[in-house]
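Structural overview
What follows is each chain in one-letter form.
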Amino acid sequence: MKIQYLGHSSFKLTESTGTSIVTDPYNEAVGCHMPKVSADAVTVSHHHYDHDDVAQVGGSPIVIDKEGNYDLPGVEINSIKSFHDPEGGTLRGENIIFKFSMDGLEICHLGDLGVECSTELIEALLPVNILLIPVGGNYTIDAEQAKEYVDRIMPDIVIPMHYRTKNFKLDIDRVEEFTDLFDDEEVLFSGESEMEFSRDDLGGDATRIIVMNKAVK
């Protein structure tokens, strides 16, 4: 399967037979432009302008923005309710976590998760091979909280998201606040906006942190 980083918390996930999903498409008000993409489905973790601009995605995709189980050709989606803040949603509302099963891999997109790690949530998420996790703080968990999630979930691969980049307008931290918490040999600044993953990439001695570049088109 392929993962393309579209910026902010948005990725395009493509299963080997072609089924594609875009997560959390955003409005250019965040300070960068959403690349032109199409998909079979769009998942929305919550309805804020930087996560739910589904009009940015072509191809007449179905929109999934509620908890439940969904099936697409070659892909199973399980969505789990959580909260956007540590006060049970009273500050910023609910957040939907999405798990995608495709090509023998379990991919988890945490959305704008804002709650500290709990045993109940970890058990609901496992197993996870590839974890897409917010690290910027302020509106979500911060770098140290994200590190705790990584340590407890123990995925094979972590791809950080929701962090400050050039021209970004949201008051969140840079990705280095997160990557600096890991040993240098565990972190890869890939320089790529699209990467391919398979079962052969699993089972290393330690979790790998991969920072991807934003796609430009």
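One can find the structure itself at the top, above this paragraph.
Residues numbered from 1 in each chain as written. Predicted model: local features only at pLDDT ≥ 70, side-chain atom pairs only at ≥ 80, totals over all residues. Heavy atoms only, no water.

Some thoughts on the sheet that holds strand β16 (residues 208–211)
Spatially, 8 strands are ordered β8-β9-β10-β11-β12-β13-β16-β14 in an open sheet, and the strand pairing comes out mixed. Each edge of the sheet is formed by a strand with only one pairing partner; in this case those strands are β8 (68–72) and β14 (187–189). Within the sheet, the average angular offset between the axes of one strand and its neighbour, ignoring direction, is 20 degrees. Bridge analysis of strand β12 (residues 130–134) against strand β13 (residues 157–161) gives 5 bridges, and the strand direction is parallel. Within β13, the position partnered with isoleucine 133 by the bridge is proline 160. Its contacts with the sheet place helix α2 (residues 143–153) against β12 and β13, and it is angled at close to 165 degrees to β12. (Pairing = 2+ DSSP bridges. Helix = DSSP H or I, 4+ residues; strand = E, 2+ residues; numbered from the N terminus. Axes fitted to C-alpha atoms, helices over the stretch in contact; angles between N-to-C directions. Contact = heavy atoms within 4.5 Å.)

Examining the packing of aromatic side chains
Here the distance between the centres and the angle between the planes together describe a pair of aromatic rings. Under the criterion given, the structure shown has 3 aromatic pairs. Ring geometry for tyrosine 5 and phenylalanine 11: centres 4.8 Å apart, planes at 35 degrees, overall tilted. Its relative accessible area of 4% is what places tyrosine 5 among the buried residues. Its relative accessible area of 0% is what places phenylalanine 11 among the buried residues. Summarising the aromatic geometry, the rings of phenylalanine 98 and phenylalanine 100 are spaced 6.2 Å apart at their centres and angled 20 degrees between planes, so their arrangement reads as stacked. Owing to a relative accessible area of 0%, phenylalanine 98 belongs among the buried residues under this scheme. (Phe/Tyr/Trp six-rings, centres within 6.5 Å; stacked < 30°, edge-to-face > 60°. Buried < 20%, exposed > 50% of the residue type's maximum accessible area, 1.4 Å probe, protein only.)

Side note on the sheet that holds strand β5 (residues 41–43)
Across the sheet, which stays open at both edges, the 6 strands sit in the order β7-β5-β3-β2-β1-β15 with mixed pairing between neighbours. Edge positions in the sheet fall to β7 (62–64) and β15 (194–196), since each has one partner strand and no second. Averaged over all pairs of adjacent strands, the angle between their axes in this sheet comes to 20 degrees, without regard to strand direction. Bridging between strand β1 (residues 2–7) and strand β2 (residues 10–14) involves 5 bridges; their strand directions are antiparallel.

A word on the nonpolar core
As a rule of thumb, soluble globular proteins bury nonpolar side chains together. Judged by nonpolar contacts, the single largest core of 55 residues is most densely connected at Ile133, Tyr149, Ile159 and Phe197. In this view, isoleucine 133 contacts Leu110, Ile141, Ala146, Tyr149, Val150, Val158, Ile159, Pro160 and Met161; residues no more than four positions away in its chain are not counted. One finds Tyr26, Val30, Val37 and Phe168 within the second-largest nonpolar core, a separate group that totals 15 residues. (Core = buried A, V, L, I, M, F, W, Y, C linked by side-chain atoms within 4.5 Å.)

What about unusual backbone geometry?
The omega torsion across leucine 126 and proline 127 is -5 degrees, close enough to zero to call that bond cis. Here aspartate 24, not a glycine, exhibits a phi torsion of approximately 40 degrees, which is positive. Looking at where aspartate 24 falls in the secondary structure, it is placed in the loop between β3 (20–23) and β4 (37–38). Exposure remark for aspartate 24: the relative accessible area of 0% places this residue in the buried category.

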